[in-house]
Every structure is written in C-alpha cells, then in structure tokens.
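Reading the structure
Next come the chains, spelled out residue by residue.
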Amino acid sequence: MITKEEMEHARTVLGREPTETELGMLDVLWSEHCSYKSSKRWFYLFKTKGDRVTLGIGEGAGLVDIGDGYLAGVAMESHNHPSQIDPFNGAATGVGGIIRDVISQGCKAVGLMNCLRFGHLAKPHNAYLLENVVRGISEYGNSVGIPVVGGELEFDDSYDDNCLVNVVCIGWVKPEEVVRSSAKTPGHHLVMFGSTTGRDGIAGVSFASETFSDEEEENRGAVQVGDPLSKKIVIDTLQELIEEKLLDGLQDFGGGGMTSAAGELARAGGTGVEIDLDKVPLREADMKPSEIGISESQERMLAIVAPENLDRVVLLLEKNGTPYGIIGKVTDDGDYTAKWHGEEKARLPISLLVDGFPVPERIESKVPAQTESMAWFKEPEDYKKNLLDMLGSDNLCDRSWVYSQYDQHVQSNTVVDLGENSGVLEFPNGRKLAFTSDCNSFWCLLDPQQGTANSACESLRNLVAMGATPIFIADCLNFGNPERPESYGQFVESVRGLGRFSNDFDIPIVGGNVSLYNEAEVDGETKRINPTPQIMIAGIFEKGFTPVRRNLVSPWANIFLIGETLPELNGSEYQRVTTGRVKGIPPRYKPEPEKRAMRVIQEAHQKGLIRSCNNVGRGGIAIALMKMALRSEYGFKLNMDYIPGTANSLAQRLYSETSGRYLAEVTESKQPEFLEIVEKHGSSVCELGLTTKEPVADFGVFSLTMEEAREVFSNGLKQYME
Amino acid sequence: MDLIHEGKVKRVLQDPDSSERVIIEFTDLVTAGDGAKKEEFAGKGAVACDMSEYLFGYLEGKGIDTHYVKKLSANQILCQKVTIIPIEVVCRNIAAGSFCRRYGTEKGTRLSEPLIEFFLKDDAYHDPLITVDAIIRLELAKREDLDFMKSIALSVNYYLGELLKQRNLVLVDFKLEFGRTEKGTIVLADELSPDTFRIWDSSATSMDKDVFREDKGDLVATYLKVFEEMKKAKPQDVEPRTESIQVIVETKSGIKNPPGEVTKKALERLGFADVKDVRMGKVFTIALKKPITSEILNQLAIMNVKLLSNPISENHKVRIE
Amino acid sequence: MTIAVLRFPGTNNENDVLRALSLIDGADPVLVPSRKGLAGLEEADAIVIPGGFSYGDYLRAGAVASVETITEGVRNLAEDGKPIIGICNGFQILTEMGLLPGVLLPNKSARFICKWIYLKVCDNTTMFTEGMEGRVIRVPIAHAEGNYYCSDDERESLKDELRIPFKYCNEAGDLDDAFNPNGSIDNIAGIINQKGNVLGMMPHPDRAYRPILGSSDGLAILENFVRAIK
C-alpha cells in the first residue's frame with residue numbers, strides 16, 4: 001500500500017492528484033518487491049564486478065562469460081507469499097517467472113533450482129504445503145522441459161506461517177544473441193505476446209510486500225495461475241524471433257505486470273512509452289484500464305520491434321498461434337503514458353514511476369549477542385541411536401521423495417543428477433558447470449553476518465568438493481518486516497556477511513532478489529522467519545575434468561579429514577535435535593583456513609588424487625561421512641581418537657559444524673602426494689580411517705549397518721508424506 | 001387425405017406427397033377443463049395456426065429443432081411425421097392454473113426459478129402429473145430424453161419470454177409436446193398458441209385461453225391482440241442464451257485409479273476415516289453457442305469417445321443442465 | 001533416410017531425440033512441427049514421436065495430439081511398415097491413436113517419477129532389439145502416466161506374439177513388483193505392434209546415449225531403428 005509520505009511526494013512531483021490508474025501503477029512499482037526501497041542502499045557492499053561478468057545485477061538475468069563462445073545466464077527469485085496461500089500455483093508461477101527472466105535476456109533456459117522452507121511436517125498443514133509446492137514446481141518445470149539440477153529443503157517452526165519458495169533459472173546464450181531489456185529508439189513498436197491478460201494477481205507485488213493477517217482467504221485473488229504449455233510455445237516462438245534478430249529489446253511481464261515491464265524498458269533506454277491499453281488482448285472482456293496495467297497474468301513478454309521488422313514478427317507470432325497485441329510505442333518524452341480508447345488515463349514521468357520513490361527511513365537495531373556457553377552439551381548415552389535420530393531428522397534426511405518428482409534429465413545436458421553435492425550441466429561448448437545452493441538459517445538466526453558468510457562457504461565447499469572453481473553468485477534474501485528494527489538489523493548484518501564473503505573469495509554476485517515482510521501475526525504475536533539468505537553459487541570445471549562425486553568408490557582407501565575441528569556445536573543440528581532449539585554463537589566464518597582447505601582440494605582434484613569427496617557442513621563429520629557411504633556399496637572403519645583441533649569428545653568431533661573442512665577418499669598409492677599438497681597449503685589433515693567392503697559404519701566406539709542407516713535416512717520425509 | 005389422429009381441437013392428416021410428412025389442421029374449437037367445456041369460435045383455428053407458424057419459425061431461427069416445415073393454408077401447417085412422446089412438458093414461471101389448485105399457492109406467485117413438470121399424456125387417466133423416475137420405470141422415455149426435453153423447455157422459456165418482455169408481456173407458463181422422428185431425433189411438436197401457453201400483460205390480465213376458461217372475454221380478439229403485440233417485438237434483439245452440457249468421465253471400476261487411492265489416504269490422514277474408496281474423474285463443462293439439439297448430442301457422443309474419454313479405461317455420461 | 005521427429009505444442013524432448021539420432025551414421029533427422037500436417041511427412045522414411053507434455057497433457061496424456069491431422073500420416077507410414085518409435089509421451093500418443101493397444105494410466109504413486117531404471121530386453125529378436133536379446137540395460141524414466149494397462153485379451157496377445165521388448169527389472173535382470181516404478185501390468189515398459197515396426201516405450205533411450213549422461217545403453221535401440229529404415 002502506498003504510504004502517506006509516498007503519496008505526498010507523488011503529488012508534489014506531479015503537481016496534481018494522481019488518477020486512479022496512476023495510483024495503481026505507483027502502488028505496484030513502489031512496493032518493496034519491485035522497488036527494493038529498503039534494501040538497495042546496502043548492495044554497494046557486494047562484489048559485483050569481475051573479469052567474467054558481462055551483465056551484472058539490474059536486468060532480467062546476470063550473464064557470465066564461461067569462455068569458448070558462451071555466456072551463462074542466471075536469475076533468482078522468491079515467490080513466498082503466493083505459495084503460502086496457494087502452494088501449487090504459487091510455486092508453479094514462481095518457476096514460470098524465473099524462466100521468463102532468463103529467456104528475456106535471449107538465453108535458452110536449461111536448468112532450474114528450487115530452495116524450499118516449511119514448518120515441520122508433523123503439522124499436516126506443512127505437509128500439505130510441501131506436497132503442493134513440489135507438485136507445482138514439478139508440473140510446471142517438467143511440462144516446459146527444463147531439468148531441475150539443484151535445490152535445498154529446510155524445516156523450522158519459524159516457517160509455519162511463511163513458507164519460502166526461492167527459485168533459480170540457469171540459461172546459456174552466445175554473446176551475439178543477447179537481448180537487452182531497454183527501449184532505446186523512439187518510434188519503435190511495443191509488441192506483447194504469449195498469453196491473454198486477465199485479473200490474475202492484481203496487486204500481487206503489493207501483496208508480497210505485506211505481512212499475513214488472519215484474512216488469508218481473501219488474498220486468494222492475488223495469486224496467479226501458470227500455463228506451462230503457453231510458456232513452451234513462448235520459448236519456441238522467442239527462439240525463432242531471436243534467430244532472425246527481430247527484437248530490439250525484450251522484457252518479461254513479472255511482478256508489477258505491464259507497468260513494470262514497460263516502465264523498466266523505458267528507464268533503461270532513457271526514453272518513454274505510450275501504451276494503448278485497449279490493444280491488449282484480454283481474457284476477461286470487462287477489465288478496467290487500471291486493472292489491465294497491473295495485471296500479473298502469466299506467460300507474457302514485451303518486445304521492442306523496429307518498424308521494418310513488425311510484419312515479420314507478427315507473421316511468426318501468428319504462425320505459432322500465440323496471442324499478441326501491438327500495444328504502443330517508444331517515445332522520447334520520458335513519460336509513461338497509458339491511454340484507453342484515445343483517452344489519457346495515466347501520464348507519469350518514468351523517473352518518478354520507476355525510481356522516484358522517497359527513500360524510506362529504516363532503522364537497524366543491533367542483533368542480540370549470543371554466548372559461547374556449551375552448558376547444554378551432553379555426550380549421547382547411545383551413540384548409535386543418536387546418529388540414527390540425526391540421520392532421520394528432517395534437515396538431514398534423504399530428499400529423494402521430493403526430487404524424484406522433478407525431471408532431471410530433459411534436454412540431455414545433465415551430467416550429475418540431484419542427490420550429489422551439486423548438479424552439473426554440460427554446456428554446448430563442452431564446458432561443465434556445477435550449481436549448488438545453501439543457507440543454514442539456524443546459523444543466520446544466531447549471528448546473521450557470520451551465519452550468512454558461513455552458509456556461502458558451505459555452498460563453496462559443495463562446488464570445490466566436486467572439483468569445480470566457483471565463478472558467480474546469485475542470492476535470494478528472505479527476511480522479515482524492514483519497518484521493524486530487529487528484522488532490518490538482521491537483514492543488514494546478513495548483507496554484510498555476504499558482502500564480506502564475495503570480496504574475500506573474489507566471487508561476483510550477478511543476480512538476486514530480496515523478499516521482505518516474511519512474518520505473520522499469530523495469536524497477537526509477531527512470528528518472523530529465521531533470517532534466510534539463500535545463496536546460490538556456480539562453479540566451472542577444467543576442460544575434460546570429470547566431476548567427482550561423493551559416494552565411496554573403493555575398498556581399503558583412506559578417508560582423510562582436511563581442516564581443524566573446534567567444539568563449535570552451538571547452532572548445530574546436534575544441538576537442535578538433542579535439545580529442540582538452537583542458541584549460542586554459531587560456527588565462525590574463517591576465510592583464511594577456508595581458503596587453505598579449498599586450495600588443497602582444488603590441487604588434489606587437478607592431479608586426480610581424490611576418488612570421492614564431501615564437504616563437512618550441517619551435521620558435522622558424522623553426517624558427511626554417512627552420506628558418502630549411504631549410496632555406495634561400501635562402509636568405513638574409523639579411529640576418531642585424534643583429529644586436529646580442540647574438539648575433545650567423540651560427540652564434539654562427530655557433530656561440530658566448524659567451517660573449512662572436507663572429507664576425501666584417497667587410495668593408498670596417492671596418499672604421499674596428497675599429504676604433500678596439504679602441507680604445501682598449510683592446512684591440517686588427519687587420516688580418519690579406511691573404507692571397507694562390509695557395509696558397516698564403524699566409528700570405533702559404536703557402529704551401525706548401512707542397511708539400518710538407509711532405512712532411517714530414506715524414511716525421514718516419506719513417513720509424513722505417503 | 002388419411003386421418004391419422006383426431007385430437008380435441010386439431011387433426012393430424014397424412015401428407016399425400018410424402019410418407020414422412022403430416023398435415024396438422026387447426027379447427028375453430030376450443031376446449032377446457034379436460035374437455036368439459038367446449039365451444040367453436042370463427043377464426044380461432046386460423047390465428048392458432050398463424051401463431052404456431054410464427055413461433056416455430058422464431059424458435060427454429062434460434063436453433064431449436066421443431067417438427068414444423070411450412071404453412072399450407074389458413075389453418076394447416078406441414079410438419080415432419082413424428083411419434084409423439086406421450087409426455088407433456090410444462091414450464092412455469094408464475095403460479096397459475098392447476099399448480100394453484102394442487103398446492104393452494106396464490107395465483108400470480110412468481111417462482112424463484114422456472115419449474116418444469118411432466119404430465120402423462122393419457123385421456124383415460126386425465127393426464128396426471130408424473131415424476132421423472134416414474135417415467136423411466138414405466139419405460140415411457142429414457143433419462144437422457146427427459147433431460148433433453150427439459151433443456152429445450154428452458155430454452156423455449158427463455159426465447160419466448162425475452163421476446164414477450166420487449167412488449168411488456170409476461171410468459172406465465174406453457175406446455176410443450178415432443179415427437180421422435182424416424183431417425184430417432186427428438187423435436188418440438190404439437191402447436192404453439194395461446195391454447196398452450198399463458199401470457200399476462202403488465203396488469204396481469206390474461207391474454208390466452210384463460211379468457212375462455214374463466215369467461216373473461218372474447219377469445220379470438222384476445223388471441224389476435226396478443227399476436228399483434230408479439231409481432232411488434234424484434235427477434236434479432238433477443239440475445240442467444242448460453243447453454244451448458246456436462247460430460248462426466250470416470251475411470252471404469254476394476255481399473256486402478258492411483259489419484260483416487262492417494263486422495264483416499266490423504267483423507268484418512270486428515271481424520272476422515274469412514275471413507276471406503278475414492279475414484280477421481282473429470283468433468284467437462286461445455287458452453288454452447290446455441291440451444292442443445294439432437295444433432296449436437298450426436299456430435300458430442302462422437303467426441304466423448306474420440307477425445308474426451310478413453311473407452312479402454314473410462315466411462316462417460318452426459319448431463320444437461 | 002529422413003527421420004521425421006514430430007513436435008506438437010508442448011513436446012519438449014525433440015532436441016534430445018535430434019541430438020541422439022545425429023550421432024548415428026546414416027540418420028537424417030528432421031524436426032517436423034505438427035502444424036505442417038500430412039505435408040510434413042511426405043519425405044519421411046521413419047518417425048520418432050518424442051516425449052514431453054503435448055498440449056500440456058491437459059485433457060489426457062497424448063489425447064489431443066492423437067487427433068491432429070498429422071497423425072493420419074503416422075498411421076499411413078505405420079501401415080507401410082516404416083519404422084516408428086514413440087518415446088514416453090510418444091508412446092501415449094500411439095496408444096491414444098490405437099496404433100498400439102492399451103492405455104497409459106497415472107503412475108501407481110500418483111506422482112511424477114524421474115529416476116534411472118533397468119530394463120530386461122526380451123529374448124526374441126525384434127526390429128528394435130536386435131543384438132540386445134536378453135540383456136539388461138540402464139535408462140532413465142521421467143513420467144507421471146506410465147502405468148501400462150490393456151485388456152486381458154490384449155495382454156495374452158502381447159505375450160503369445162512376443163511383442164514386449166522391454167520390462168522393468170533390477171540390475172540383475174530380476175522381474176519383480178519391487179522393480180516396477182509405476183504399476184504397469186507385467187512390468188511392461190514397451191511394446192510393439194503386430195507388424196513389428198511400431199515401438200512404444202516409456203523409458204528414454206534418447207537420454208541414455210552418451211556415457212557422460214549416465215548411460216549409453218539407449219543408443220543401441222536407436223541404432224537398430226536407423227538400420228531398419230529402408
């Protein structure tokens with residue numbers, strides 16, 4: 001909803017009262033979701049430039065040069081509020097929207113990722129949300145024909161009333177085929193195509209910029225309904241239009257509908273637009289002009305077409321049977337003018353509409369400090385039972401119930417499926433890229449800055465473990481109400497953390513999204529989500545390198561632990577599972593040890609010394625090791641008596657979540673060379689044990705069979721969902 | 001010409017030129033009270049014939065199949081030969097006549113929605129009211145035939161009602177009869193005249209056979225007057241009415257229906273424990289551009305098997321709104 | 001040897017098929033949008049109907065595509081004995097057309113399933129499995145309606161006439177319910193017509209044609225297909 005201050009400002013700049021249509025447009029473009037008015041001011045903290053960055057934050061997708069004639073494209077978005085109300089359609093249209101962002105840059109969409117968060121599944125409503133969000137993503141993505149190559153799923157009470165659905169789309173494009181989102185030349189035509197316009201999602205973005213109250217049901221009108229068949233037809237049509245170089249500019253209709261699409265094109269081009277709303281192909285005949293301008297009907301694109309190309313464009317659109325309209329033209333007057341049967345309904349300066357909102361004051365309050373205290377910590381009485389509980393707990397267990405519903409192989413570029421540390425796609429130039437996304441919201445709750453930086457490290461380790469070198473980041477920052485100092489404080493601290501990481505590791509952030517207002521009034525109290533900065537990192541492999549997986553592949557190989565282990569169990573899964581809550585200072589972000597460990601693994605991979613590799617993160621060494629064995633034919637036998645670092649009990653060693661650590665399977669013959677590399681980079685290492693032919697996980701003091709482990713691991717989610 | 005049937009006020013004759021046609025002759029007789037009251041008025045047959053010609057033509061123009069072919073003379077029309085379905089279909093918008101007598105409803109009470117009633121065409125039993133289920137049990141007609149007839153009656157109600165509305169006249173109620181052609185299609189038959197419907201003007205004055213039933217006026221003059229009014233109305237201004245058909249597609253029993261099974265488990269998880277089995281099907285709601293005809297139903301039958309359902313694993317049924 | 005690779009609105013595996021076929025000597029795959037109608041198949045010596053969600057699967061998988069005019073051309077080529085493969089949605093379209101018996105119902109889990117599975121190739125020789133008799137191959141599936149069903153009579157015919165080239169199994173080739181991902185009767189993953197020139201299969205040989213993707217076992221099927229084109 002437009003604030004009083006904003007209203008005043010609009011009146012002053014215009015010198016008059018805004019019309020009904022104009023008010024609708026301002027409401028939508030000045031919403032948090034579209035304008036980033038609370039968050040933009042902090043983005044200077046990010047590293048956004050780099051040698052490879054062709055197009056950074058700002059347009060539909062970030063474009064990164066991966067060499068050999070190709071750019072990788074990435075876009076990341078949230079669709080949280082709609083998914084809470086209508087999980088199937090909310091999630092489906094989230095996927096639809098992110099695909100549009102990537103194809104509007106001229107890219108072919110080749111991969112999807114989705115990062116989901118819900119309350120615990122024991123509550124039926126959360127199971128309902130998970131089921132339908134997954135179905136929505138599955139039906140949409142599978143139908144359009146884009147494989148899912150990564151994602152994350154996390155559970156916590158704080159998401160009960162505000163589930164999170166963050167989606168990523170990856171694409172590729174040749175540099176000469178990139179289409180920009182700007183309208184540069186007055187006189188060019190505005191052509192919209194893809195689908196008809198109805199009342200879907202009217203004021204959806206303004207809805208996303210509010211918290212939930214008890215009147216949830218009424219919000220249903222704001223949800224959009226996706227149509228993957230139309231989307232596939234748009235993709236095919238676009239391919240033809242781009243191949244023939246018929247487009248001068250392209251933007252997709254996303255949040256804010258036509259107002260946002262046309263407005264941003266004009267802003268980028270320094271021009272204006274004049275739109276005849278009556279030329280828009282409608283699904284519902286009786287729509288008002290004010291509704292048409294802000295409708296969020298899905299599967300629509302806006303193209304800038306030079307007059308000499310118009311006929312050919314129309315021919316192709318008709319051939320593909322896609323609804324379209326020649327709705328206006330680019331002007332040189334710097335205004336957004338909307339007409340209805342010749343009558344002017346709105347005329348706003350682009351500078352006012354797109355960026356001209358008064359910057360609201362936001363107050364950052366200090367995040368409450370935590371203690372180092374480990375008073376809560378106890379060794380488990382029954383180590384085996386404890387490990388089985390951990391394996392079956394919802395944040396560690398098997399997610400194949402979810403991802404087996406996603407088509408992972410369509411387009412046959414998928415080199416590594418889901419279920420590994422990262423998904424890997426092969427690009428047409430033969431280069432392979434890995435994609436992973438992580439966020440430990442518990443670390444972030446306890447210390448947003450450290451937690452964010454460390455979450456990014458976990459993503460980094462996932463890529464490095466496979467043998468990839470990280471090359472770009474996209475992020476989706478999910479936080480509470482920025483008008484509340486505590487929420488805002490969490491947000492700013494998190495941005496500081498991500499900024500530090502991007503600069504420390506020299507990886508540019510090329511795309512992303514901010515989703516605020518993720519909180520709800522529950523029984524008179526404010527319930528806010530954990531700070532959830534979802535970080536996606538992409539990595540590239542050396543030519544000819546085969547990605548290294550995490551399943552143990554040979555018997556009698558050494559299992560090495562690289563990195564030091566400190567007693568950092570505050571904020572860990574062990575703390576959460578055994579005590580029911582998290583508190584204390586979470587594992588610290590340590591860029592130098594992290595880099596040392598990274599270099600060890602990178603060089604070892606280069607020399608082909610590692611047969612399987614995993615990063616140590618959530619759940620510590622115990623879980624990381626179990627995951628290496630669960631999908632392999634082997635087991636392991638360990639001696640956990642001595643490992644580098646100050647963790648001093650078995651449980652501390654097993655479950656500490658200290659950063660900067662990896663597990664590597666190295667065969668006997670490669671050991672000496674491997675140890676040399678470790679020493680060279682100044683990292684710590686120890687030999688934890690050996691892989692065994694027998695499928696038993698032997699930790700020394702206790703052991704369990706892989707069969708027992710598999711049973712619990714694979715049942716973790718299924719028990720709630722079948 | 002051979003007489004096929006002698007009715008109370010009309011005669012049906014065999015058309016000498018075609019075995020598939022008949023000639024309906026309108027006499028000047030009027031009857032009421034189940035034949036108790038009977039009189040002859042000069043010109044009555046001609047005006048009833050004129051109105052039937054006009055109204056059948058009008059309804060045909062709106063897409064409703066009737067038996068009417070053309071007018072032959074002042075009191076004769078040529079029609080398709082049909083086997084009359086022995087069910088009279090009555091449509092009421094306002095309570096009048098036997099409805100009031102049956103239930104004690106005050107005459108003139110507007111019903112919340114048009115009401116369709118079926119009466120058995122049988123003089124010996126005084127054309128009693130009959131329920132849909134009884135018709136089916138007595139094998140006088142099938143359910144889909146009755147649905148179809150009902151749908152046509154509602155269509156006629158709309159088109160006739162809208163036409164009269166233009167002249168500030170109210171269609172109170174009317175009776176239709178249907179016949180089956182040789183090919184088996186069902187068409188609107190009999191006549192359309194103030195003998196078979198009730199029309200009131202804006203002050204609820206009868207402009208139909210009630211003037212005879214209740215000795216309220218000059219029958220022929222009234223009929224001519226209401227016809228004059230009717231002819232001033234513009235048929236082209238009556239907007240087409242969207243009619244709807246539903247096709248319900250269900251999985252055959254004996255074939256696994258996983259979506260139904262999963263739904264059943266989900267219901268049980270939510271506490272709905274008494275469910276034995278759930279089958280999930282589909283409903284297609286098809287809005288048509290014109291009234292439902294037998295031709296449309298035939299085409300739909302083909303589409304049901306060719307596209308809307310897969311006969312290997314699915315059954316389908318048609319429901320007319 | 002022109003191979004028409006059909007594309008209906010919503011088909012999304014056309015590129016997988018084109019890429020796989022382009023690796024095979026002698027194959028000349030051509031993308032044919034369905035709107036071209038019969039004219040699109042004039043030059044065709046063989047046809048592949050790829051997987052995807054033709055017409056969104058909105059009515060019933062493959063139903064709307066099966067009544068497009070181009071399918072008359074498919075029927076003609078089938079009658080002429082030309083090799084035809086329907087993969088996944090293509091299999092669904094062939095059954096809806098009646099070119100292959102039976103119907104593909106929703107998976108028994110009522111969910112989409114994507115995973116790598118094993119298929120036991122039949123012992124008898126068919127146009128598409130020559131040289132592969134009795135082998136166990138690894139290919140991926142990705143479908144929501146792969147649950148094959150047909151009448152008892154058809155089932156008997158398929159068995160007696162040896163028209164089931166592929167059945168779901170485990171790595172060792174054992175046939176059991178436990179290895180049936182979608183509930184198909186008799187673990188049927190693919191069938192052929194009586195003439196032996198039309199194959200419908202739910203698994204994707206077009207996604208298992210290079211080792212880097214996880215398996216190249218699918219290539220042999222496509223190679224047999226190309227070899228059979230005259």
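These numbers come from a predicted model, not from an experiment.

Across its full length, chain C carries six helices and 11 strands. Taking 230 residues into account, the globule formula puts the C-alpha radius of gyration at 17 Å, and chain C, at 16 Å, falls close to it. Dimensions of chain C, computed from C-alpha atoms along their principal axes, come out at roughly 45 × 40 × 35 Å. The buried share of chain C, taken over its 230 residues, is 60%. Restricting the contact set of chain C to residue pairs at least 6 apart, pairs at least 24 apart contribute 76%.

Okay, the overall build of chain B next. When its secondary structure is counted, chain B shows eight helices and 16 strands. Summarising its shape, the C-alpha atoms of chain B cover approximately 75 × 50 × 45 Å along the three principal directions. Put simply, chain B has 321 residues, and 32% of those count as buried. Pairs at least 24 apart in sequence give 60% of the contacts found in chain B among residues at least 6 apart.

Our focus in this paragraph is the sheet that holds strand 14 (residues 243-251) of chain B. Residue and element names in this part refer to chain B. The antiparallel open sheet is built from three strands, whose spatial order is 15-14-16. Each end of this open sheet is capped by a strand with a single partner; those strands are strand 15 (282-288) and strand 16 (314-320). Strand-to-strand, the axes of this sheet are offset by a mean angle of 20°, without reference to chain direction. Pairing between strand 14 and strand 15: seven bridges, direction antiparallel. In the strand pairing of strand 15, Glu243 is matched with Leu288. Contacts from helix 4 (residues 143-165) reach strand 14 and strand 16 within the one sheet, and its direction differs from that of strand 16 by about 35°.

This brings us to the interface of chain C and chain A. As a measure of interface size, the accessible area lost when the parts come together is often cited. Contacts between the two partners involve 21 residues from chain C, matched on the other side by 21 residues from chain A. At the level of elements, helix 1 (14-22), strand 6 (113-121) and strand 7 (136-143) of chain C are the ones that each hand at least two residues to the side of chain C that touches chain A.

We now examine the pairing of strand 9 (residues 110-120) of chain B. All names here are of chain B. For strand 8 (residues 83-94) and strand 9, the ladder comprises seven bridges, and the chain directions are antiparallel. Of the residues in strand 9, the one forming a bridge with Ile94 is Arg110. Summarising the sheet, strand 9 and strand 10 (residues 129-130) pair through two bridges and their orientation is antiparallel. Across the sheet, the residue bridging to Phe118 is Ile130, located in strand 10.

The next subject is the nonpolar core. Residues and elements named next belong to chain A. By size, the foremost hydrophobic cluster in this structure holds 288 residues, and its most contacted members are Val74, Val168 and Ile601. Residues lining this core come from more than one domain, with at least three contributed by each of domain 1 (54-355) and domain 2 (372-396 + 549-722). If near-sequence neighbours (up to four positions away) are discounted, Val74 is found in contact with Ala61, Gly62, Val168, Ile170, Phe472, Ala474, Val510, Gly511 and Ala538.

Residues and elements named next belong to chain B. The assigned domain composition of chain B is domain 1 (3-237) and domain 2 (243-320). For domain 1 versus domain 2, the distance between C-alpha centres works out to 36 Å. With 12 residues of domain 1 at the contact, the number on the domain 2 side is nine residues. At six residues, the largest contribution of residues to the side of domain 1 that touches domain 2 is made by helix 4. Residue composition of the side of domain 1 that touches domain 2, grouped by class: four nonpolar, four polar and four charged.

The next thing to look at is the confidence of the model for chain C. Across chain C, the average pLDDT comes to 95, with 100% of residues at or above 70. Both scores are given for the predicted complex: the pTM is 0.87, the ipTM 0.93.

Next up on the list: the interface of chain B and chain C. Facing 11 residues of chain B, the contacting portion of chain C comprises 15 residues. When residues of the side of chain B that touches chain C are traced back to their parent elements, those giving at least two are helix 7 (258-269) and helix 8 (294-308) of chain B. Considering every element that reaches the side of chain B that touches chain C, the biggest residue donor is helix 7 of chain B, with four residues.

All names here are of chain A. Relative to the helices and strands, His79 is located in the loop between strand 3 (70-78) and helix 4 (80-85). For His79, a count of 31 C-beta atoms within 10 Å gives the class buried. Here His79 is in contact with Gly90, Ala91, Thr93, Gly94, Gly97, Val165 and Val167, once residues within four sequence places are set aside.

Residues and elements named next belong to chain C. Checked against the element boundaries, Phe225 lands in helix 6 (residues 218-227). The exposure class assigned to Phe225 is buried, which follows from the 22 C-beta atoms found within 10 Å. With 97 residues separating them along the chain, Phe225 and Phe128 place their C-alpha atoms 5.6 Å apart. Residues within four places of Phe225 in sequence aside, it is in contact with Pro83, Ile85 and Phe128.

Between its terminal C-alpha atoms helix 6 (residues 124-144) of chain A stretches 30 Å, which fits the 30 Å expected from 21 residues at 1.5 Å a residue. In terms of burial, helix 6 of chain A is largely enclosed, as 15 of its 21 residues are buried.

So, about unusual backbone geometry. Residues and elements named next belong to chain A. Phi is positive for Glu299, which is not a glycine, with a value near 65°. As for its placement among the helices and strands, Glu299 is situated in the loop between helix 10 (289-294) and strand 10 (301-305). The exposure class of Glu299 is buried, given the 28 C-beta atoms found within 10 Å. Although it is not a glycine, Tyr517 sits at a positive phi angle of roughly 70°. Tracing the backbone shows Tyr517 in the loop between strand 18 (509-515) and strand 19 (519-522).

Time to look at the sheet that holds strand 21 (residues 532-540) of chain A. Residue and element names in this part refer to chain A. With respect to topology, six strands assemble into an open sheet ordered 14-15-16-21-17-18, the strand pairing being mixed. In this open sheet, the two strands that pair with only one neighbour each are strand 14 (414-416) and strand 18. With direction set aside, neighbouring strand axes in the sheet form an average angle of 25°. Where helix 16 (residues 448-466) meets the sheet, its contacts fall on strand 16 (432-438), strand 17 (469-478) and strand 21, and the angle it forms with strand 16 comes to roughly 150°.

All names here are of chain C. By the secondary structure assignment, Gly90 is in helix 4 (residues 89-97). Note on Gly90: 31 C-beta atoms within 10 Å, which makes it buried. For the pair Gly90 and Val32, spaced 58 residues apart in sequence, the C-alpha separation works out to 14 Å.

Moving on, we get to the packing of helix 19 (residues 591-606) of chain A against helix 22 (residues 671-681) of chain A. Residue and element names in this part refer to chain A. Viewed as axis vectors pointing N to C, helix 19 and helix 22 meet at an angle of 145°, and their least axial separation amounts to 9 Å. You can see that helix 19 and helix 22 cross each other, and the crossing is right-handed. Residues Arg596, Arg599, Val600, Glu603 and Ala604 of helix 19 form the contact with helix 22, whose participating residues are Phe674, Ile677, Val678 and His681. Across the contact of helix 19 with helix 22, the residue classes tally to five nonpolar, one polar and three charged.

What counts and what doesn't
The residue numbering used here restarts from 1 in each chain and proceeds along that chain's sequence as written. As a convention, the first chain written is A and the first ligand written is 1, with the rest following in written order. Only residues with pLDDT of at least 70 get local features here, since the model is predicted, and only at 80 or more are side-chain atom pairs given and counted; chain-wide, interface and lining totals rely on the full set of residues. Here a helix means four or more residues in a row that DSSP labels H or I, a strand means two or more in a row labelled E, and each is numbered from the N terminus. C-alpha atoms define the radius of gyration, and 2.2 Å times the number of residues to the power 0.38 defines the globule rule. Buried, partly exposed and exposed are defined by the number of other C-beta atoms within 10 Å of a residue's own C-beta, namely 20 or more, between the two limits, and 12 or fewer respectively, with C-beta atoms placed from the backbone. By the convention adopted here, residues make contact when the C-beta atoms placed from their backbones lie within 7 Å. One requirement defines pairing of two strands: DSSP has to find at least two bridges between them. Axis lines are fitted through C-alpha atoms, for helices just across the contact stretch, and the angle between N-to-C directions can take any value from 0 to 180 degrees. For this entry, the nonpolar core is defined as buried Ala, Val, Leu, Ile, Met, Phe, Trp, Tyr and Cys residues connected by C-beta atoms within 7 Å. Where each domain begins and ends is defined by an automated method or by a domain database. Each residue is assigned to one of three groups, with Ala, Val, Leu, Ile, Met, Phe, Trp, Tyr, Cys and Pro labelled nonpolar, Asp, Glu, Lys and Arg labelled charged, and all others, Gly among them, labelled polar. The quantity called pLDDT is the predictor's confidence in a given residue, expressed from 0 to 100. Take the residue count of a helix, subtract one, and multiply by 1.5 Å to get its expected span. Two helices cross in a left-handed way if the nearer one is turned anticlockwise from the farther one by less than a right angle. They cross in a right-handed way if the turn is clockwise.

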